[in-house]
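Chain residues, written in single-letter form:
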Amino acid sequence: MANLFCANVESEMVKAVAAAVLKGNWDNLLKPKIGSFVTSTIISQALLDISQYCFSRSWSFFKWAESVPNYKHSLQSSWTMIYILTKQKHFKTAQDMLQKVARKDFLSSPTVLNALVSSNQDKDVNSHLLSWLVIFYANSKLPHDAIQVFEHMRVCKLMLHTHACTTLLNSLVKDGLTDTLWKTYKKMQKMGVVPNIYIYNVLMHACCKSGDVERAEDLLREMEFKATLPDLYTYNTLISLYCRKGMHYEALCVQDRMERAGVCPDIVTYNSLIYSYCREGRMREAMRLFKEIKDATANLVTYTTLIDGYCRANSVTEALRLRDAMEAKGLYPGVVTYNSILRKLCEEGQMKDANILLNEMNEKKVVPDNVTCNTLINGYCKIGDMRSALKVKNKMLEAGLKPDRFTYNAMINGFCKAKDIDGAKEILFNMVSVGLSPSYYSYSWLVDVYCHQNNDIAVLSLIDEFIRRGYLVDISFYRAIVRRLCKRGRIDSAEKVFHIMQIKGVLGDSLVYATLAYAYFKVGKLDAASYLLDEMYRRRLMITLKIYKSFNASYSDENSLLDMFWSNAVQRGLISRTVYNDIQQLNIQS
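Residues numbered from 1 in each chain as written. Predicted model: local features only at pLDDT ≥ 70, side-chain atom pairs only at ≥ 80, totals over all residues. Heavy atoms only, no water.

An unreviewed UniProt entry annotates the chain as Pentatricopeptide repeat-containing protein of Nicotiana attenuata.

Following this line, the structure appears as structure tokens:
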């Protein structure tokens, strides 16, 4: 009874507010006796009632209410106004307002969405609003929020607009969420979304990014079956995929196919094909295609690709000739172009010429980047000039560039080659202090120097040195040390490291156990190897395909011994049926 009374009061208040607005007596709503009863729910319902008689009056009232002191529109009243604007086909205003609301309210929450959508039953309008919301979240780099809105639409049987489909799928491609993309696309199809050329192109781009040739070819067949004609972007994406995969013949077939379909290749098409030739070292064919370019103009990418190709083919003279040719045409090399030439000079130890090129970059105001600095550092490290390498690193920091893993690893390797173990360790500790995780090779170079000096005790002391400096010694550290010591045949030292990690409470993983077990197996300590393999089984530590490949690469000259070791692992159930099948397939291919 009380609920019915409240509903009647609310209904009367809605009528009173609507009547006051339609008559222009808005100021009456500010009177204390009336204003204290005007809630957000009443305003929302009043807006709907007013819009049936005069849309412009409802919009004016909404804007007027915003200016009233101490009043703020609720999410409910804002959503109602957006709904009215959309119903009246004022799409731009509705979209702008929706984006403003979405920035401050958590609209992707299923509870909030359900409350908002159920408040108005017009499916077409709700489809518009949620499609715009999907676009907003996708463009705001919030793909998971966009997916939540999409899922709500699917449950409510609301149709997602084609533009929203394209935008959502594209955001998933950009974020590398390939699996989510294909699952979402299948759901879209079940909802009745008919893919157009834009959706197909996004899917083709996804195939290109993930290197999925088979799926790309299936898509092309599907497009042809559904009479959706591929456009220039479709063909270029497919050509780029084939070129990246080294499938040059297939790429040329696509070029021929597009020309027969009346689609003219552009410079992107030519650049992909030229890149394919260059990566294979086929510079004669690359230059022939370059000279045959028609209806397009060679750009910076074209010349840079060719210059890089010549550098990789050990033809720096030709690379420099092309650099002069592009400048003559008004195309000036950028940092990427210079980096290609610089890399080749540094590889060949021509640091004097590299510095001349660096001075030229400075004269032409081409700003060096991380690649430039890393290339120089690596070049100096190779010739043992660590002083110059440190100078470049310092200049990187002065220029606001951040040294990365490559920078630190190159310097660790350089110091180790120069037998400066203290310098190498200092760089390693610097690397850890800036939050970068050393790799297997970062540690192995240090181990190699100590092994060369027959100083196994120094390897063990590295653990204490890390702890003393306040750095975390985790499984990656122990794994790298054990692997390298075993590779160098220092099994006793590897065993000691393994023992230390157990005392420190660091549990070994599959790679640590398998490495040590194989080392024992190799020197005939079969009982010790069996114990470790049994321990792996007890702890359910399995041999993965990655571990199998790693062992085969590290011990490529010990195939017969490895086969016996893998047989032991199979007998103990340490290799799953799936991994075993993959191994068999690999063996057939090799």
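Caption draft 1: Quick look at the overall build of the chain. Across its full length, the chain holds 34 helices and 0 strands. In terms of overall dimensions, the chain has C-alpha extents of about 95 × 65 × 55 Å along its principal axes. Looking at the chain residue by residue over its 590 residues, the buried ones come to 47%. A sequence separation of at least 24 residues applies to 64% of the contacts in the chain between residues at least 6 apart. Total accessible area on the chain stands at roughly 30700 Å², and carbon and sulfur atoms take up 53% of it. In the chain, 74 positive and 59 negative side-chain charges are present, and the distance between their average locations comes to 3 Å. (Helix = DSSP H or I, 4+ residues; strand = E, 2+ residues; numbered from the N terminus. Buried < 20%, exposed > 50% of the residue type's maximum accessible area, 1.4 Å probe, protein only. Contact = heavy atoms within 4.5 Å. Areas by Shrake-Rupley, 256 points an atom, 1.4 Å probe, with all protein chains shown as cover. Lys, Arg positive; Asp, Glu negative; His and termini not counted. Charge placed at Lys NZ, Arg CZ, Asp CG, Glu CD.)

Caption draft 2: The arrangement of the domain arrangement of the chain in detail. By domain assignment, the chain separates into domain 1 (196-265) and domain 2 (384-433). Distance between the C-alpha centres of domain 1 and domain 2: 44 Å. (Domains from an automatic or database assignment.)

Caption draft 3: Focus on the pattern of salt bridges. Following the criterion strictly, the structure yields 30 salt bridges and no others. In this structure, E151 and R154 form a salt bridge, with 2.8 Å as the shortest nitrogen-oxygen distance. Placement of both E151 and R154 in helix α9 (residues 143-155) is noted, with a separation of 3 residues, approximately one turn of the helix. Judged by its relative accessible area of 34%, R154 is partly exposed. Residues participating in the shared-partner salt-bridge network are D308, R312, R343, K344, E347 and E348. (Salt bridge = Lys/Arg side-chain N within 4 Å of Asp/Glu carboxyl O.)

Caption draft 4: Fine view of the side chain of T184. Within the fold, T184 resides in helix α11 (residues 178-191). What T184 contacts, discounting residues up to four positions off in sequence, is I147, F150, L168, L169 and L172.

Caption draft 5: Molecular detail of the packing of helix α26 (residues 440-452) against helix α28 (residues 475-487). With their axes 9 Å apart at the nearest point, α26 and α28 run at an angle of 45° to one another. Between α26 and α28, the angle is such that the two are oblique. Note that α26 runs across α28; the crossing there is right-handed. Facing α26, whose interface residues are Y440, Y443, S444, V447, D448 and C451, α28 presents S476, F477, A480, I481, R483, R484 and L485. Here the contact of α26 with α28 is built from residues that sort into 8 nonpolar, 2 polar and 3 charged. (Axes fitted to C-alpha atoms, helices over the stretch in contact; angles between N-to-C directions. Parallel < 35°, antiparallel > 145°, perpendicular 65-115°, else oblique. Left-handed = near helix turned anticlockwise from the far one by under 90°. Nonpolar A, V, L, I, M, F, W, Y, C, P; charged D, E, K, R; others polar.)

Caption draft 6: Focus on helix α29 (residues 491-503). A rise of 1.5 Å per residue sets the reference length of α29, with its 13 residues, at 18 Å; its end C-alpha atoms lie 18 Å apart and thus fit the reference within 8%. Considered for burial, the residues of α29 that qualify are I491, S493, A494, V497, F498 and M501. Relative to the axis of α29, the buried residues are bounded by an arc of 160° and lie together on one face. Looking at the packing, one finds that the buried side of α29 touches α27 (456-468), α28, α30 (510-522) and α31 (526-538). Positive phi appears at G505, one or two residues downstream of α29, with a value of about 80°. (Expected span 1.5 Å × (residues − 1). Arc of directions from axis to C-beta.)

Caption draft 7: Layout of the confidence of the model for the chain. Confidence along the chain averages 88 in pLDDT terms, with 92% of residues attaining 70 or more. Long-range and interchain partners of residues 1-7, a stretch whose pLDDT sits below 50, account for 0 contacts in this model, where long-range means more than four residues apart. Throughout residues 32-36 the model reports pLDDT below 50, and contacts reaching past four residues in sequence, or to other chains, amount to 4 contacts. (pLDDT = per-residue confidence, 0-100.)

Caption draft 8: Examining helix α16 (residues 267-279) more closely. Here α16 spans 18 Å end to end across 13 residues, near enough to the 18 Å set by a 1.5 Å rise per residue. Where burial is concerned, most of α16 is hidden: 10 out of the 13 residues are buried. Listed in full, the buried residues belonging to α16 are I267, T269, Y270, N271, S272, L273, I274, S276, Y277 and C278. Packed against the buried residues of α16 are α14 (232-244), α15 (248-260), α17 (283-291) and α18 (300-312). Two or three places before V268, at the start of α16, stands the capping residue D266, its side-chain oxygen 3.1 Å from that residue's backbone nitrogen. Looking one or two residues beyond α16, the residue adopting positive phi is G281, at roughly 75°. (Polar contact = N/O pair within 3.5 Å; in protein donor to acceptor, adjacent residues only side chain to side chain.)

Caption draft 9: Layout of the state of the cysteines. Applying the stated criterion across every chain, the model contains 0 disulfides. A disulfide-free cysteine, C278 has its sulfur positioned 11 Å from the sulfur of C311, the nearest such atom. Since its relative accessible area comes to 0%, C311 is described here as buried. (Disulfide = S-S within 2.5 Å.)

Caption draft 10: Region of the structure containing the environment of G400. If you trace the backbone, G400 turns up in the loop between α23 (386-398) and α24 (405-417). Note: C-alpha distance between G400 and D369 (31 residues apart in sequence) is 10.0 Å.

Caption draft 11: How the structure looks around the environment of S340. Residue S340 is classed as buried on the basis of its relative accessible area, which comes to 5%. It is 6.8 Å that separates the C-alpha atoms of S340 and C311, two residues lying 29 residues apart in sequence. Discounting chain neighbours no more than four positions away, the residues touching S340 are D308 and C311.

Caption draft 12: Spotlight on the environment of M188. Topologically, M188 is positioned in helix α11. Here M188 falls in the buried class, since its relative accessible area comes to 1%. Between the alpha carbons of M188 and M159 there is a distance of 9.1 Å; along the sequence they are 29 residues apart. Ignoring anything within four residues of it in the chain, the contact list for M188 reads F150, L160, C165, L168, L169 and V193.

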